[in-house]
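Chain by chain, the residues run as shown.
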Amino acid sequence: MRLCLRCGADFAGSSWLCPHCGFEPPRIGGYPAFAPELARGASGYDPAQFAELARLEAGNFWFRARNRLLAWALRRYFPGARSFLEVGCGTGFVLAGIASAFPELQLAASEAAADGLAHAAARVPAASLMQMDARRIPFRDEFDVVGAFDVIEHIEDDRAVLAGLRAAAAPAGGLLLTVPQHPYLWSEFDARAGHVRRYRAAELRGKLLEAGFEIVRMTSFVTLLLPLMLASRLAQRRPRRDYDPLAELRIAPWLNWTLEQALDFERLFMRAGVNFPVGGSLLVVARRPRTGER
């Protein structure tokens, strides 16, 4: 079901024209725009950097290893999924990875910053894309799996995002979520990226339960690299005028390869059922209970 953000009515169909109040969202760049006021300034990156970000993602160890982790989690925990919504898709790198691993999935994705959608469309032409505020998701009981990957830490009212993700998931549908972990790792990188917080596991667990999710699995990752990450973050504690938010993605090929192997090695333990207690990020697999379960 679709939700009219003007009158609050649910309706079915392939059009965004509300049959109850006649509202239809405007379009930006050819995509439905549910929050046009956010379209030009919603990202932690300067819109001019989206093209460079898209180029760097494809070769960077962090993005590549995270994509493989998410594909594994989707296959392991939601093997029967037929539809997937990604909220906050950025330039579409995760979406492209999911499309490649699961060509049968019906894909939809949103991004608040309109500049990212053109890159996402180029990567995944078949996906249904929209410009949207993650706090106001216009779907109800719609998707087998919903996901947000390093998104909710950017949003002050993360509870609204989690509630919207639960509402958008079908009964018994799934959630995949990643967030940065450990407030002690806060640095200039987080501030310049537009982060509001880094999470403690207990904090995130509480917010997920409050939103009505049933947690299937929660584990840290980027565990083996935590000492290197801590050293890097400590070096970034002092603000710099010449700070480049993409500098961390430009690393020597040999180092990039080594770090990617370390994260792939971690995934072997996760596949065996090991949950890491510490790490630079958290992965959550959760489920919306069936109607009547709670």
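Everything that follows concerns the structure shown earlier in this document.
The structure displayed is predicted, hence computed values, not measured ones.

Peer 1: Just checking my understanding: could you explain the overall build of the protein chain for this structure?
Peer 2: Regarding its fold elements, the protein chain presents 9 helices and 11 strands. Taken over the C-alpha trace, the protein chain has a radius of gyration of 19 Å; the compact-globule value for 294 residues is 19 Å, and the two agree within 12%. If one aligns the C-alpha atoms of the protein chain with their principal axes, the spans along those axes are about 55 × 40 × 35 Å. Counting across all 294 residues of the protein chain, residues that qualify as buried make up 54%. Put simply, 73% of the contacts in the protein chain that link residues at least 6 apart link residues at least 24 apart. Accessible surface, the protein chain as shown: approximately 13300 Å² in total, 55% of it carbon and sulfur. When the 36 basic and 31 acidic side-chain charges of the protein chain are each reduced to a single mean position, those positions are 3 Å apart.

Peer 1: For this particular structure, what's the right way to read the packing of aromatic side chains?
Peer 2: Where two aromatic rings form a pair, the distance of their centres and the angle of their planes describe that pair. Applying the stated criterion across every chain, the model contains 10 aromatic pairs. Arranged with centres 6.0 Å apart and planes meeting at 85°, the rings of W72 and Y77 form a pair that is edge-to-face. With respect to burial, W72 and Y77 carry one shared label: buried. Each ring, one from F84 and one from F149, has its centre 6.5 Å from the other, and the planes form 5°; the classification is stacked. Here F84 is found in strand β5 (residues 83–87), whereas its partner F149 is found in strand β8 (residues 143–149), with 65 residues between them in sequence. The same class applies to F84 and to F149, which are both buried.

Peer 1: Looking at this model, I keep getting lost on the pattern of salt bridges. Mind explaining?
Peer 2: For side chains bearing opposite charge, pairing can occur when the charged atoms are close. Across all of its chains, the model carries 17 salt bridges by this definition. A network of salt bridges, in which partner residues are shared, links R64, R68, E260, D264 and R267.

Peer 1: Help me out: how do you make sense of the packing of helix α1 (residues 50–57) against helix α4 (residues 114–123) in this one?
Peer 2: The angle between the axes and the distance between the axes are what describe a pair of packed helices. Where α1 contacts α4, the two axes come as close as 9 Å, and the packing angle between them is 35°. Pair α1 / α4 crosses with right-handed handedness. For the pair α1 and α4, the contacting residues are F50, A51, A54 and E57 in the first and D115, G116, H119 and R123 in the second. Here the contact of α1 with α4 is composed, by residue class, of 3 nonpolar, 2 polar and 3 charged.

Peer 1: I tried to follow the packing of helix α5 (residues 158–168) against helix α7 (residues 201–211) on my own but got confused; where do I start?
Peer 2: Relative to each other, α5 and α7 sit at 50°, their axes nearing to 9 Å. Here α7 runs oblique to α5, going by the angle between their axes. The element α5 and its partner α7 pack so that their crossing is right-handed. Here D158, R159, L162, A163 and R166 of α5 lie close against α7, whose contacting residues are K207, L208, E210 and A211.

Peer 1: Just to check I follow, could you spell out the environment of P289 for this structure?
Peer 2: Along the polypeptide, P289 turns up in the segment after β11 (281–287). Residue classification places P289 among the buried positions, given a relative accessible area of 4%.

Peer 1: Even after reading the chapter, I still don't get a nonpolar patch on the surface, so can you show me in this structure?
Peer 2: A surface patch of nonpolar side chains, about 440 Å² in accessible area, is lined by L224, F265, L268, F269 and V274. Secondary-structure assignment places F265 in helix α9 (residues 253–271).

Peer 1: Would you explain the pairing of β8 in this entry?
Peer 2: If a strand is regular, its side chains alternate between the two faces of the sheet. A large share of β8 lies buried, amounting to 6 of its 7 residues. Bridge analysis of β5 against β8 gives 3 bridges, and the strand direction is parallel. When the sheet's bridge partners are listed, L85 is paired in β8 with V146. Where β8 and strand β9 (residues 169–180) come together, 6 bridges link them in parallel fashion. Residue pairing across strands places G147 opposite L176, the latter belonging to β9. A crossover links β8 with its parallel partner β9, the connecting element being α5, and its sense is right-handed.

Rules of the game
- Residues numbered from 1 in each chain as written.
- Predicted model: local features only at pLDDT ≥ 70, side-chain atom pairs only at ≥ 80, totals over all residues.
- Heavy atoms only, no water.
- Helix = DSSP H or I, 4+ residues; strand = E, 2+ residues; numbered from the N terminus.
- Rg over C-alpha atoms; globule rule 2.2 N^0.38 Å.
- Buried < 20%, exposed > 50% of the residue type's maximum accessible area, 1.4 Å probe, protein only.
- Contact = heavy atoms within 4.5 Å.
- Areas by Shrake-Rupley, 256 points an atom, 1.4 Å probe, with all protein chains shown as cover.
- Lys, Arg positive; Asp, Glu negative; His and termini not counted.
- Charge placed at Lys NZ, Arg CZ, Asp CG, Glu CD.
- Phe/Tyr/Trp six-rings, centres within 6.5 Å; stacked < 30°, edge-to-face > 60°.
- Salt bridge = Lys/Arg side-chain N within 4 Å of Asp/Glu carboxyl O.
- Axes fitted to C-alpha atoms, helices over the stretch in contact; angles between N-to-C directions.
- Left-handed = near helix turned anticlockwise from the far one by under 90°.
- Nonpolar A, V, L, I, M, F, W, Y, C, P; charged D, E, K, R; others polar.
- Parallel < 35°, antiparallel > 145°, perpendicular 65-115°, else oblique.
- Patch = residues over 30% accessible without salt bridge, like charges linked within 9 Å, V, L, I, M, F, W, Y side chains within 5 Å.
- Pairing = 2+ DSSP bridges.
- Right-handed = clockwise from strand over helix to strand, strands pointing away.

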